[in-house]
Amino acid sequence: MLKTIKDRWPLIAIAGVSALSIGMMASLIKATDPFGSPDLSQSPALQSEANEASVVLKLVSQPPEIRLEALNTIAKSDRTIEGDRARYLLATDLIDQGQGGSALPLLNELSQQSAGRYEAMAPYILLKKGQAQAAAGQSEAAQDTWNQLIKTYPSSGATAEALYQLGNQPAPTAITYWNKLLSEIPAHPRSVEVALKQLFPPQPGAGSDASKLTALDEVSLLKIVAYHGFSGFNSGANYIAALDRLAQNYSSALTPEDWAAIGFGYWEAQNYTKAGEAYSKAPSTPVTLYRAARGQEIGGKSKAAIATYQQLNQTFPEAPETATGLLKLANLVPRPLALALLDQVMTRFPDQGAEALAFRADLLDELKSSASAQQARASVLSQYPDSAVAAEIRFTKAEASAAKGDYAAAMTWAQQLISAAPKDDLAAKSGFFLGKWSLKQNQPNVAESAFKQVIREHPESYYAWRSAVHLDWEVGDFDTVRNFTPLIAFPSQRSPQPAGSTTVQELHLLGQDVAAWGQWQIELVNPQAPTVTEQFTDGILRLGVGDNLEGIFMVSSLAWRDHPTEKSEYQQLKVTPAYWQALYPFPFSGLILGWAQQRKLNPLLVTALVRQESRFQADISSAVGAMGLMQVMPDTAAWIAEQTGDKAYTLNAPEDNVKLGTWYLDYTHREYSDNSLFAVASYNAGPGSVDGWIKKANFTSADEFVEKIPYPETKGYVESVFGGYWNYLRLYNPEIAAKIAAL
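Figured I'd write up the structure that's included with this text. (Residues numbered from 1 in each chain as written. Predicted model: local features only at pLDDT ≥ 70, side-chain atom pairs only at ≥ 80, totals over all residues. Heavy atoms only, no water.)

1. A word on the overall build of the protein chain
- On a plain count of helices and strands, the protein chain comes out with 42 helices and two strands.
- For 743 residues, the compact-globule estimate of 2.2 N^0.38 gives 27 Å, and the protein chain sits close to it at 29 Å.
- Based on the C-alpha atoms only, the size of the protein chain along its principal axes is roughly 85 × 65 × 60 Å.
- A buried classification covers 51% of the 743 residues belonging to the protein chain.
- Summed over all atoms, the accessible surface of the protein chain reaches about 32500 Å², with 51% contributed by carbon and sulfur.
- Distance from the positive charge centre (61 side chains) to the negative charge centre (76 side chains) of the protein chain: 3 Å. (Helix = DSSP H or I, 4+ residues; strand = E, 2+ residues; numbered from the N terminus. Rg over C-alpha atoms; globule rule 2.2 N^0.38 Å. Buried < 20%, exposed > 50% of the residue type's maximum accessible area, 1.4 Å probe, protein only. Areas by Shrake-Rupley, 256 points an atom, 1.4 Å probe, with all protein chains shown as cover. Lys, Arg positive; Asp, Glu negative; His and termini not counted. Charge placed at Lys NZ, Arg CZ, Asp CG, Glu CD.)

What follows is the structure in structure tokens.
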């Protein structure tokens, strides 16, 4: 059934997915490379030019059966880097299809170039050669090739894979390869996999196959998982179980650095209480002390948290973490002492002065000093006019004025906010409502200017979509977006990453995601504190191996960087298409777009909803039991099965989950006459809640309804889903992208 749906894709206007048809390939292959296909040792600028001109890199996104003829033609005729890429990609396809013998001549030819223009790929050429030999039944030759790889390139990610494969053999001596893997390349995902296999055998209590037991003791295996397991996208629940076992059973044997690694793992897994306990035993740095204190605070250990926050303040008086720690500490101490702490923040940390002053105003209100509180808020506007806190104050005043019908005053407050803090997130909301209020004041020119400014200055925001709707752009409104079928144009090829070796870059560009991820893991020196470019690259490579939840998080959390240099690096990344495409990717595109078409739903709306529900993580489950890509509740799935008669499903299976989720989204649309606002809100909060809001909200427009949704979670959900829809539209629809660029 899914194949039938995919076969109907041309009915959904999709460009780029098959941008290189077989007919187009022939003409592209004949074209002369204007840059001479420089080898990978040349300058980044020349490499970039060659990559842009590469036909092979444009074939990477195509299925093997579609690119076969083109790759064959290039592999036979081209003796530049372009030909090398074609031979490597073609050999990989053949191995995956079990045709190792056919891949060997290509790999033998590549081996001759691996000391020259394709040297960066030499270890992986040997790895593939061994895989081809194994697929062709030449097991002894494969072992010889892999042993040659191990000897020649002892620290390569390819060597880690070869050691794993050799250690996976039934021979009694094979386990020595796993010992070597664990001891010499512990950061590689294969090492984490082996360690977890030994620590958590399939049959608890039975132990692993005796021939597979490594020479490392349990604590050493646990440390490998602690230091490198979070980066293992397939570590699963056993990663936390390993941290628990290490912390509980081997506490006295652990170094402060070990505790820092354990704390990092717990923190990234959002187990802040255990993270605080671990960080309290780690080396004292601003980060470890802050996280220790914050973990203690979340865990209800207020006295310990106060002491640790104070230690942070005394030990690192100028660290940015100390400013945040003092603000947290002010919540834990008596109010008079809290006011003194806030005064310290304002004096010592000007960047946090506005937040401290606003906090001070709230405390003064609690102490019944309303006049002083008002004066403090006025000081925020005068002393910190461009701060986020000042923006919040101004927008609150604008909303209050609008609620009273004083649209002129509301417009004034909104304009002040936009002028003082044009990049603040609230500037987008203020600009949109400035446009709405201008229309109420019969000032259409002011409204048009405001809407265009929102799109120009905050193109990624939900309010940019709302502004585009009010400008009469063809983007779909709440009551028309379901049936809007936009053109979707995917990028023709991958972008190089800002970090990583030439080998990582090449593997990524060629779509060799698992290999690129493994190589990256042994290159990333400090995963607990990556640079901006390292974190971005880490996010991209995670997306490549299906770790979508963490991949999107890695990219999105770059916005939290507060050091000036890091902020500058982030801003440089933020203007690139690759940054936004990483935030709004298309995992499971065939599945999601296919079922969207089957249900006659806007494919980008469905994609945005899946992104919001699960970040495309198929195996995820919520605290209340919702499961899978579209977070379908078991009871809802059972009800859908009764309606459809299709009771054979597995909620964690992507195909079944999207099939059920899109059925339910179609149902909520039918319940509300294809109004996507009510349908999406109902998907989150349930039809009963939405019916009540419709009856009680007393709204005059869809925008007003959104603002009056009484559940903050659902209000945020609606804005996130439709904001995501808009981002997919602006990124992957050429017409809308061009309109934005023309503003």
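Further notes follow.
2. Points about the environment of Ala330
- Checked against the element boundaries, Ala330 lands in the loop between helix H19 (320-329) and helix H20 (335-348).
- Distance from Ala330 to Tyr725, taken between C-alpha atoms, is 40 Å for residues 395 residues apart in sequence.
- Dropping the residues within four chain positions of it, Ala330 is found in contact with Arg335, Ala338, Leu341, Leu342 and Phe359. (Contact = heavy atoms within 4.5 Å.)

3. Brief notes about the side chain of Gln493
- Locating Gln493 in the fold gives a position in the loop between strand E2 (488-489) and helix H28 (502-509).
- Engagement of the side chain of Gln493 in a polar contact is seen with the side chain of Lys58, the distance being 2.9 Å.
- Setting aside residues no more than four positions away along its own chain, Gln493 makes contact with Asn51, Glu52, Ser54, Leu57 and Lys58. (Polar contact = N/O pair within 3.5 Å; in protein donor to acceptor, adjacent residues only side chain to side chain.)

4. Considering helix H22 (residues 370-383)
- Here H22 spans 20 Å end to end across 14 residues, near enough to the 20 Å set by a 1.5 Å rise per residue.
- Looking only at H22, the buried set comprises Ala373, Ala376, Ser379, Val380 and Leu381.
- Buried residues belonging to H22 abut helix H21 (353-366), helix H23 (388-403) and helix H24 (407-420). (Expected span 1.5 Å × (residues − 1).)

5. Describing unusual backbone geometry
- A positive phi is found at Gln270, a non-glycine position, where the angle reads about 65°.
- Here Gln270 shows up in the loop between helix H15 (256-268) and helix H16 (272-279).
- Judged by relative accessible area, Gln270 falls into the exposed class, the value being 57%.
- One non-glycine residue, Phe588, adopts positive backbone phi at about 55°.
- Counting through the fold element by element, Phe588 comes out in the loop between helix H33 (577-583) and helix H34 (589-598).
- Note on Phe588: relative accessible area 30%, which makes it partly exposed.

6. Here's the deal with the side chain of Ser461
- Within the secondary structure, Ser461 is located in the loop between helix H26 (444-457) and helix H27 (462-470).
- The exposure class of Ser461 is buried, given its relative accessible area of 12%.
- Of the polar contacts made by the side chain of Ser461, one reaches the backbone oxygen of His458; its length is 2.9 Å.
- Those residues in contact with Ser461 that sit more than four places away from it in its chain are Ala428, Val454 and Trp726.

7. Regarding the nonpolar core
- In this structure, Trp465, Val475, Phe722, Tyr725 and Trp726 are the most contacted members of the largest nonpolar core, which totals 100 residues.
- If one sorts the elements of this core by residue count, helix H41 (residues 712-732) sits on top with ten residues.
- Those residues in contact with Val475 that lie beyond four places of it in its chain are Trp465, Ala468, Val469, Val481, Phe484, Tyr725, Trp726, Leu729 and Ile736.
- Leu57, Leu90, Leu166 and Ala292 belong to the second-largest nonpolar core, a separate cluster that totals 86 residues. (Core = buried A, V, L, I, M, F, W, Y, C linked by side-chain atoms within 4.5 Å.)

8. Points about the packing of aromatic side chains
- Per the counting criterion, the structure on display carries 38 aromatic pairs.
- Measuring from ring centre to ring centre gives 5.2 Å for Phe432 and Phe433, while their planes differ by 75°; the resulting arrangement is edge-to-face.
- You can call Phe432 buried: its relative accessible area is 0%.
- Judged by relative accessible area, which is 11%, Phe433 ranks as buried.
- Across the ring face of Tyr584, the terminal group of Arg611 is positioned such that the distance to the ring centre comes to 4.1 Å. (Phe/Tyr/Trp six-rings, centres within 6.5 Å; stacked < 30°, edge-to-face > 60°. Lys NZ or Arg CZ within 6 Å of the ring centre and 35° of its normal.)

9. Some remarks on the packing of helix H13 (residues 218-228) against helix H14 (residues 237-249)
- The geometry of H13 relative to H14 is characterised by a closest axis approach of 9 Å and an angle of 130° between their N-to-C directions. Accordingly, the angle class assigned to the pair H13 and H14 is oblique. As H13 runs across H14, the sense of the crossing is left-handed. Here Glu218, Val219, Leu222, Lys223, Val225 and Ala226 of H13 lie close against H14, whose contacting residues are Tyr239, Ala242, Leu243, Arg245 and Leu246.
- Taken together, the residues of the contact of H13 with H14 sort by class into eight nonpolar, no polar and three charged. (Axes fitted to C-alpha atoms, helices over the stretch in contact; angles between N-to-C directions. Parallel < 35°, antiparallel > 145°, perpendicular 65-115°, else oblique. Left-handed = near helix turned anticlockwise from the far one by under 90°. Nonpolar A, V, L, I, M, F, W, Y, C, P; charged D, E, K, R; others polar.)

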